[in-house]
Each structure stands twice: as C-alpha cells, then as structure tokens.
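Take a look at the letters that make up each chain.
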Amino acid sequence: MSSRSSTSSTSSSLSTLAPTPVHIPWACILPILLFRIIDALSFSLIFPYISAYLASLGVPPADIGLYAGLAEGALMATEAACATGWARFADRYGRRPCVLAGSVLPVFAMLRLGFCKSAGEIILWRALWGTSPSGTLSRLMIGESTHPSNRARIMSLFAPCFNVGLMTGTLLGGMLAQPTGRLPAWLGGAATIWERWPFGLPAVAAAFYPSLSHSASWSRRDQRVFTFSYDAIFAVYTYNAVERGGLGLPLPTIGTLYSAFALGYVVITPLLLPALQARLGPARSLTLTLSTWLLIICGLSSTQTLAGTDQAAMWVVLGAQMGMKNIANMSWSLCDIINTSLFDEFQELFATACAVVLIVGALARALGVVSAGGLYSVSTASSTSLVVRQLPWLWLLALSVPVIFFAVRLRRGVEFSAVEDASDEKAQGGSKMGLLDADV
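Since the model is a prediction, treat every value here as computed from it, not as a measurement.

Asks: Would you explain the packing of aromatic side chains in this entry?
Replies: What characterises a pair of aromatic rings is the spacing of the ring centres plus the angle enclosed by the ring planes. For the coordinates displayed, the defined rule picks out 12 aromatic pairs. An angle of 20° between the planes, with centres 5.3 Å apart, marks the rings of Tyr-49 and Phe-199 as stacked. Taken together, the residues span a long stretch of sequence, with Tyr-49 in the loop between helix H2 (26-44) and helix H3 (50-56) and Phe-199 in the loop between helix H9 (193-196) and helix H10 (200-208) at a distance of 150 residues. By relative accessible area, Tyr-49 is classed as buried at 2%. Aromatic pair Phe-115 and Trp-197: ring centres 5.7 Å apart, planes at 65°, arrangement edge-to-face.

Below you can see the structure in the form of structure tokens.
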C-alpha cells in the first residue's frame, strides 16, 4: 500500500474514533475571554503613540525604533522570568487569587507609564507591566475549560478576544494621546494636566480597565517571534516620515488602522478556523497559516516605496497585507490547540507546560522586537540606499523561514504518529484517540 493511501485510510478510520461532543461551558469561558480582552487592551494601548512619545522625550528619530524595541523586549523578558512562579502560585492558591495578586504591580506600572520623563523610564515601567500573570493564566484556564471535541471552537474565540482588546486598546491609544485642544472638554481636551503629560490620559484609562476583570467570578480554578517583530516595526514604520522609510501617518489614523484590522481578525477567525482545522487538521493548518507570512513580509518593501509615490496604491497594498495577516495570526489558535492536546492525559503538568510555552515565546519575542527595532533604526538612520532599507524586512524573512520549517516537520511527525497509532488501535480492538491525531 502506498504512503498516500495508507495515510488516507488512516484518516478515514480515525474519524470514527473522534471524542463524543461536549457542550461549551460558557459560564467558565466568558470570564476568561473578558480577562483576555482586558489584558490585550492594556498591553496594546501604547502602540499607536510609542513613537511620538519617545520623540517628545528627545529621542533622536534614528533611535526611536531601537528604544521602542527595547521597551517591548523588556516586557517580554520580565514576563518570561515570572511565568513559572505564577504557575506555581496558581496551582497552590488558586486561579482567582493569582489574578488579584498579580494585577497590583502591572496596574500601577501602566498608570506610571503615562508620566515618564525619559526613554529609560518608559522601558522600566513597560518591563514591570510584564510581571502580570495574564499570559500564563489565560492559557491555563482556557485549556482547563476545553474538551477535545470543542477545543477548536473555543480556541477560535480565545485568540480573537485578544484582538478585540487589541482593537479597543489601539483605538483608545490613538484617540486619547495628546488630547489638549483636540478632544472635547469632557474627555480631557481642556485639562491643563495633559499639556504637561500629553500621554498620561491613555495610561489612566488603561489602569482603570483591569479592575473590571476582578469582578468576574471564575467558575474553574512561538511562531510569535516574527509576529511581534512585525508589530514592533509596524508601530514605528507607520509613524516615521516618508523620507525616513516610514508611512508618515498621524496618530489617530494609526490607532484606527490597528483597530480595523483587528476587527477583521475577530470576524474571520471564528468562522474560518474551525472549518480549516476540521478539513486539514491542526498541523497542516498551522503550516498553511504560517506560510502566509512570507507574502506579508515581501509586501512591506512595496508599501514603503509607494508611500512616497502613490498614496492610493499604498493603501491597497497595506490593506492586502493586513488582510493576509489575519490569516497568518490563526496560527496562534492552532498552536494553542496543539499544545493543549498534548497534555490531555497529563493535566497535573498543564500549568507548568503553559509557563514553559510562555517563557519560550516571551524570550523569542524579546529577541525579535529588539533586533527588528534596532535594524529598522539602522536602516533609516544614515542611508537612503534601497538595499539598506530592506534590512528589517530581510530579518523578518529570516525569522519566518525556520518557524515554517519546524511546522512542516511537526505535520510529518503527526502523520507518522497517526499511522503508527492506528495500527496499534486496530491490533488492540480500538480505543479513544486524541483530537490532534484524529484530525490528520
């Protein structure tokens, strides 16, 4: 029998062994999704105005990308350092106490972030925001609330909820930054304090929202390296003047741009991801969605060039890129599905596994945003050479290739495992199979 026919027959036979469907426990899921939204809102509020904030503190234009990358890299490094501690705390004292205890310092850091006098302070308070347990806890609690039969549907909501927060946070950040003379008086446009601290109002708003998550009653106790590298560059890239290799967009437009494309992800993912995962399986779907990054990165140079020659064409290309990014970001949910499936039979290790996943992802993202931000600064600092201007995009391309390679290897490993397990199941008379193998 050929390999193709063997895999096909395996897939057919495994389809009869899929887990019995279990209803989605909405009472457990909804508070976790709210927590996810508020966490993303606080995290993303600074994105539209980080470049303007650094410029207002006297950072040279050529160094803005580097300092923006350092701020996000410090956050990721702190998050990685705290992950295992929060996992042990959550296992010992419960999920809700962990949320309450872990939110105190991040809320204060978020508030203080709006009242900095130097770039060093921005990096410091952004790093302290990274002490939040939200990255570990949200993944842990959502994983504990899923079943192999409903995991794809729940995860297709979990990742978009981050984008709901991202959409809200970037919209508020772009709207509330520098409010004096621009916003109505009831929104702070006439308050003299914001003349002294033009980026304080978004921080005050962000510090208020995490308190909402504490009122939720919990019913139950990184491909992302280039995703975040892209986002780190995008925040500076959209703000920088055209002659310096950017798009020269105003802050409200940047905030609206982030929000519009986050909304697209929120709408598309729950509709497309379950069908894609059911048809191709999580491993093949992961390879497909990650591969979309190659097209996105290749289009960045075109957008940069068109910004100085044809604004209408620039918006068309930018829209196409961000539409494809919504497809690429489905890899987040697919990774969550795969990681959770691996620990269905080892629940006592799940909290530690969530912490390890966060540590690896956070360290990779820290490397990505710092290196990408630094290269973007180098590419725009002293040269208008076409080759030098491509440095950050070439770096993103270099980061994406090994991730896609490992996704392909994962798919092949799962297919081989499925064939092996199917043979064992047939010999033993059949037994329950995990969702990951059943979908291949």
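Asks: Would you mind going over helix H8 (residues 151-176) with me for this structure?
Replies: Structural remark: α-helix, 3.6 residues per turn; residues separated by three or four positions point the same way. Counted at 1.5 Å a residue, the expected span for H8 with its 26 residues is 38 Å, and the 37 Å between its end C-alpha atoms agrees. Along H8, 20 of the 26 residues are buried, which leaves the element largely enclosed by surrounding structure. Gln-178, located one to two residues past H8, shows a positive phi value of around 50°.

Asks: Which parts of the structure should I look at to understand the packing of helix H5 (residues 95-113) against H10?
Replies: Packing of H5 against H10 brings their axes to within 7 Å, and their N-to-C directions diverge by 165°. Classed by the angle they form, the pair H5 and H10 counts as roughly antiparallel. Classified by chirality, the crossing of H10 by H5 is left-handed. Together, Val-107, Met-110 and Leu-111 of H5 and Ala-203, Val-204, Ala-206 and Ala-207 of H10 make up the contact between the two elements. For the contact of H5 with H10, the residue count by class is seven nonpolar, no polar and no charged.

Asks: Hey, could you run me through the environment of Ser-145 in this one?
Replies: Mapped onto the elements of the fold, Ser-145 is located in the loop between helix H7 (134-144) and H8. Residue classification places Ser-145 among the buried residues on the basis of a relative accessible area of 5%. Linking Ser-145 and Cys-28, residues 117 residues apart in sequence, is a C-alpha distance of 6.7 Å.

Asks: I would appreciate a short explanation of the pattern of salt bridges in the present structure.
Replies: Once the charged atoms of two side chains with opposite charge are near each other, the side chains can pair. On inspection of all chains with the given rule, the structure shows three salt bridges. Arg-126 serves as the salt-bridge partner of Glu-72, at 2.8 Å between the closest nitrogen and oxygen. With Glu-72 in helix H4 (residues 64-93) and Arg-126 in helix H6 (residues 119-129), this pair connects stretches of sequence that are 54 residues apart. Across the salt bridge formed by Arg-112 and Glu-121, the nearest N and O atoms sit 3.4 Å from each other.

Quick notes on the rules
Residues numbered from 1 in each chain as written. Predicted model: local features only at pLDDT ≥ 70, side-chain atom pairs only at ≥ 80, totals over all residues. Heavy atoms only, no water. Phe/Tyr/Trp six-rings, centres within 6.5 Å; stacked < 30°, edge-to-face > 60°. Helix = DSSP H or I, 4+ residues; strand = E, 2+ residues; numbered from the N terminus. Buried < 20%, exposed > 50% of the residue type's maximum accessible area, 1.4 Å probe, protein only. Expected span 1.5 Å × (residues − 1). Axes fitted to C-alpha atoms, helices over the stretch in contact; angles between N-to-C directions. Parallel < 35°, antiparallel > 145°, perpendicular 65-115°, else oblique. Left-handed = near helix turned anticlockwise from the far one by under 90°. Contact = heavy atoms within 4.5 Å. Nonpolar A, V, L, I, M, F, W, Y, C, P; charged D, E, K, R; others polar. Salt bridge = Lys/Arg side-chain N within 4 Å of Asp/Glu carboxyl O.

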